[in-house]
Amino acid sequence: MDASDDAAPSADRRATPRRVAVVGAGLTGLATAYGLERALPDAEVVVYEAGPRPGGKARTVQRDGYTVDWGPNGFLANAPETLELVHVLGLGSELQPASAAARRRYLYLDGALRPLPASPGAFLASEVVPLAGRLRAALEPFLAGRVDAEETVHGFLERHFGRPLADALGGALVSGITAGDPHELSLDALFPRLRAMERGHGSLVRALIAQQRTARPRRRSRVGDRPAAPTAHGAQDRPPDGTPGRLTSFHGGGMQVLVDTLYAALKGDVLLRTPVEALERPADGAPGVVVRAAGQQPQRFDAVVLTAEAPAAASLLRPLAPAAADALDGIPYAGVRVTGLGFDRVDVPHALHGFGFLVPRGQGVRSLGVLWTSTLYPGRAPAGKVLLRVLAGGRLDPELLSLADDDALDAVRRDLRLTLGIVAEPEFVETKAWPRAIPQYALGHAGRVDAAERALAALPGVHLAGNAYRGVGVNDCVREARRVVDRLSGATAG
Ligand SMILES: Cc1cc2nc3c(=O)[nH]c(=O)nc-3n(C[C@H](O)[C@H](O)[C@H](O)COP(=O)(O)OP(=O)(O)OC[C@H]3O[C@@H](n4cnc5c(N)ncnc54)[C@H](O)[C@@H]3O)c2cc1C
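Residues numbered from 1 in each chain as written. Predicted model: local features only at pLDDT ≥ 70, side-chain atom pairs only at ≥ 80, totals over all residues. Heavy atoms only, no water.

Considerations on the sheet that holds strand S15 (residues 333–344)
Then step 1. As summarised here, the arrangement of the seven strands in space is S8-S7-S16-S17-S18-S15-S19, forming an open sheet in which the pairing is mixed. Every other strand in the sheet has two partners, leaving strand S8 (112–115) and strand S19 (428–439) as the edge strands with one partner each. Looking at each pair of strands side by side, their axes are set apart by 25° on average, direction ignored. (Pairing = 2+ DSSP bridges. Helix = DSSP H or I, 4+ residues; strand = E, 2+ residues; numbered from the N terminus. Axes fitted to C-alpha atoms, helices over the stretch in contact; angles between N-to-C directions.)

As structure tokens, then:
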């Protein structure tokens, strides 16, 4: 259809849209398109993707018996929206919870791997923070105090537990999730639950103790045990079991299974290698949005959902909503390089009994963390082999992203020698650098998202969704997709 086509549908703000464009075919875009097709069976949904394949950061490579996730290696099986999506896609029996050993996590500190304490009590006996720091942390219920202003992750931890703990654990806490800088990231945007715990109890330790007390008798009613309520997506029966709260992926092909299944389930067009280059208002003044994409005739839609990374969304919005574009341009990103390495088991001196380890900065190790993937998910390496997945780069080491693959591999191998004593050549290597890997929820993040949404209120039909706004993980993307689907299908106002 041409932009000037008189037959273009009208976009009464209260009417449900008949044509919707989704920009970006990452997990958010795919889940949005799938949700729209289910909630609005008469609507036409077209997905535009700049890259050559669907999935965005969610991509898994299988070669020589190894299975390596280049992006997410799972999701926590505690989000009803994700469990329901898995269920309606018929993937319940494919779920692969991480092995129980994955509960054990380590920090590389002062030249050795040290177990991360699993509870506040265990923390007091742990070696990850010097004794004086542990004693200061033990005083948290008496010293914490309350602050109403937004704080950085480091500032919040320091106020509650003292500087030694904030220095040792702050970086590790955020680098595993965002590859970010705890001095830059907003506690309120990234960990709103911690702020809520502080508000409710004054002290995090008191809040944790209260949580443990109330959780005990209610253990049986966790997400996976509960029948799902009927929803706009139409699922009425029980979500798949999974293992509530545990990191979970899929047998056979890792997170690629979710991407491929969503992609195959879509009825409408998914236009690959087709970047959207501009959004415009229809020249005839009619409602709706015109999408101009590479190699395509301009198309008019009633609604457009932008799921591309924030800077890409910003450049599309600049001519129509400059204030929204300014706000989105203020969201920084961390670059991350992911390297999967396969070794013969006998060449790895460590038992690898656990999830893997994180490395606080200042330890002489460049990598941010190493995941023991073949322990987490048995079957990801051939028999007698192990697969490690190393994450490096992040906000505090952006230079790593500009290294050539060979130089980056040298840096990773040096780190594996130091931390795990591995001197052998890997028999398998896969590496991927993501320059815009993970959005950073820096101080002021919530204000930026509000400013963007306020500016878009004056631009009916344009919606934002994705991991740059209300949560950086897979579960957040699925929740974002649900939010937009509910809004467009009239299940919620807006
Ligand atoms: C290394 C790494 C490890 C991670 N590990 C985990 C994990 O273990 N657990 C977890 O929950 N989360 C993890 N995450 C986060 C998770 O991967 C993301 O939240 C999620 O994949 C983001 O999906 P998205 O669709 O919002 O964005 P993206 O995947 O970034 O998709 C955006 C898409 O938009 C496309 N696009 C951009 N511009 C245009 C344009 N102009 N026109 C058309 N298309 C465009 C892009 O090509 C891309 O495909 C990880 C992320 C990374 C990078």
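Regarding the packing of helix H2 (residues 80–88) against helix H17 (residues 474–488)
Then step 1. In contact at an axis separation of 8 Å, H2 and H17 are set at 80° when each is read in the N-to-C sense. Taken together, the axes of H2 and H17 lie roughly perpendicular to each other. Residues Glu 81, Thr 82, Glu 84 and Leu 85 of H2 pack against Asn 475, Val 478, Arg 479 and Arg 482 of H17.
Then step 2. Its residues assigned to classes, the contact of H2 with H17 shows two nonpolar, two polar and four charged. (Parallel < 35°, antiparallel > 145°, perpendicular 65-115°, else oblique. Contact = heavy atoms within 4.5 Å. Nonpolar A, V, L, I, M, F, W, Y, C, P; charged D, E, K, R; others polar.)

Considering the sheet that holds strand S13 (residues 299–301)
Then step 1. An order of S11-S12-S13 is seen for the three strands of this open sheet, with the pairing classed as antiparallel. If you trace the sheet from one side to the other, it starts and ends with strand S11 (276–280) and S13, each paired once. The sheet shows a mean angle of 30° between the axes of neighbouring strands, direction not considered.
Then step 2. As paired strands, S11 and strand S12 (residues 289–293) are joined by four bridges and run antiparallel to one another.

Observations concerning the pairing of S8
Two faces belong to every sheet, and in a regular strand the side chains alternate between them.
Then step 1. Strand direction decides the pairing type here: strand S7 (residues 105–109) and S8, joined by four bridges, are antiparallel. Across the sheet, Leu 109 pairs through a bridge with Ala 112, a residue of S8.
Then step 2. From the end of S7 to the start of S8, which pair antiparallel, there are two residues, and Asp 110 there has a positive phi angle of about 50°.

Considerations on the site of the ligand
Then step 1. Of all residues adjacent to the ligand, which total 29 residues, the nearest are Thr 28, Glu 49, Lys 57, Val 472 and Val 474.
Then step 2. The separation between an oxygen atom of the ligand and a polar side-chain atom of Glu 309 is 3.4 Å.
Then step 3. Out of a free accessible area of 1000 Å², the ligand has 88% covered by protein chains.
Then step 4. Broken down by secondary-structure element, the contributors of at least two residues to the shell around the ligand are helix H1 (27–39) and H17.
Then step 5. For the shell around the ligand, the residue count by class is 15 nonpolar, eleven polar and three charged. (Near = heavy atom within 4 Å. Polar contact = N/O pair within 3.5 Å; in protein donor to acceptor, adjacent residues only side chain to side chain. Areas by Shrake-Rupley, 256 points an atom, 1.4 Å probe, with all protein chains shown as cover.)

Section: helix H13 (residues 322–329)
Then step 1. All of the buried residues in H13 are Ala 324, Ala 325, Ala 327 and Leu 328. Summarising the axial view, the buried residues of H13 lie within an arc of 160°, below the 170-degree limit, and thus occupy one face.
Then step 2. Residues of H13 that are buried make contact with helix H12 (310–317), helix H16 (445–457) and strand S20 (462–464). (Buried < 20%, exposed > 50% of the residue type's maximum accessible area, 1.4 Å probe, protein only. Arc of directions from axis to C-beta.)

Keep in mind that these numbers describe shape and distance, not what the molecule does.
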